[in-house]
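Results of the structural survey
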Amino acid sequence: MAKQLPDVGSGAAVPPPRRSRIVLAEITRQDTRAERTRTELAQQTQVGEALVRGLVRAQLALALRLSLVVAIGLGGLPWLFAIAPSLGRTTVAGVNLPWLLLGVASFPFLIAVGWAYVRLAERNEQDFTDLVQRPER
């Protein structure tokens, strides 16, 4: 059977269709927490300051560790040549070994340390971003 529509011209009132509201609570809660954390960072609240301070400390610790590697790696060579003078007088292809190590080999070493720093610093920043955007459990 076909439904009959009410006659509009007869003056009978047509009730509005019922509406239902659908709420996705979990998604809203996740967005709310992430938004709250971003707001805390932007407004520099105590929580936001603690998060940023943790990131800065992690970056500083990384920089100090790799600076120590460079200081030991390059600063230790003169000590090595002072302790073992025969090693300092060794020649390779007519060039003294200290000149080769400090003048040539130091550049690939510094490039490798720089590459490691960038990679590890990006990982620290990604961990920070994951912490900020982590959904509430």
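Residues numbered from 1 in each chain as written. Predicted model: local features only at pLDDT ≥ 70, side-chain atom pairs only at ≥ 80, totals over all residues. Heavy atoms only, no water.

**Digging into the environment of L110**
Spelled out, the test is: A run of H or I in DSSP becomes a helix once it reaches four residues, and a run of E becomes a strand once it reaches two; helices and strands are each numbered from the N terminus.
Mapped onto the fold, L110 is located in helix α4 (residues 97–133). In this structure, the C-alpha to C-alpha distance between L110 and G73, residues 37 residues apart in sequence, is 9.7 Å.

**Looking at α4**
Which entries qualify depends on this criterion: Here, expected helix span is obtained from the residue count minus one, scaled by 1.5 Å. Two axes are fitted around each residue, one to the seven residues ending there and one to the seven starting there, and the angle between them is reported as the bend at that residue. Three labels apply to residues, based on accessible area from a 1.4 Å probe with only protein chains included: buried if under 20% of the type maximum, exposed if over 50%, partly exposed otherwise in between.
In this model, α4 (37 residues) spans 52 Å end to end at C-alpha, consistent with the 54 Å of a helix rising 1.5 Å per residue. In the structure, α4 departs most strongly from a straight axis at S106, where the bend amounts to approximately 45° and where the proline P108 lies between one and four residues downstream. Taken residue by residue, α4 has L97, P98, S106, V113, A116, A121, N124, F128 and V132 as its buried positions.

**Observations concerning the packing of helix α2 (residues 46–83) against α4**
Heads up, the condition is: Fitted lines through C-alpha atoms serve as axes, helices being fitted only where they are in contact, and the angles separating the N-to-C directions of these axes extend from 0 to 180 degrees. In this scheme, roughly parallel covers angles under 35 degrees and roughly antiparallel covers those over 145, while 65 to 115 is roughly perpendicular and the rest are oblique. In this scheme the crossing of two helices becomes right-handed for a clockwise turn of the near helix relative to the far one and left-handed for an anticlockwise turn of less than a right angle.
In contact at an axis separation of 10 Å, α2 and α4 are set at 165° when each is read in the N-to-C sense. Here α2 lies roughly antiparallel to α4, going by the angle between them. Considering only the axes of α2 and α4, their crossing is right-handed.

**Concerning the UniProt feature "transmembrane region" (unreviewed entry) in the chain**
To keep things clear, this is the line we draw: UniProt positions are given in the numbering used here, feature names are shortened, and annotations may be inferred rather than shown by experiment.
With numbering aligned to this structure, UniProt lists the feature "transmembrane region" (unreviewed entry) at residues 62–85 and 97–118. Between the C-alpha atoms that bound residues 62–85 the distance is 34 Å, and the span itself is 96% helix and 0% strand. Helix makes up 100% of residues 97–118 and strand 0%, and the two end C-alpha atoms of the span are 30 Å apart.

**A closer look at the side chain of N124**
For the record, the criterion: The term polar contact refers here to a pair of N or O atoms within 3.5 Å; inside protein, the definition further demands a hydrogen-donor-capable atom paired with an acceptor-capable atom, and it admits residues adjacent in sequence only when both atoms are side-chain atoms. Contact criterion: two residues are considered in contact whenever any of their non-hydrogen atoms come within 4.5 Å of each other.
Assignment of secondary structure puts N124 in helix α4. Here the side chain of N124 touches Q59 through a polar contact of 3.0 Å, side chain to side chain. Those residues within four positions of N124 in sequence are excluded, and the remaining contacts are L55, A58, Q59 and L62.

**Observations regarding unusual backbone geometry**
In terms of backbone geometry, most residues other than glycine have negative phi values and most peptide bonds are trans. Residues other than glycine seldom take positive phi values, yet A93 does so here, at roughly 55°. Considering the arrangement of structural elements, one finds A93 in the loop between β1 (91–92) and β2 (95–96).

**So, the side chain of S106**
Topologically, S106 is positioned in helix α4. From its side chain, S106 meets the backbone oxygen of L102 in a polar contact 2.7 Å long. Apart from the residues lying within four places of it in its own chain, the contact partners of S106 are L74 and L101.

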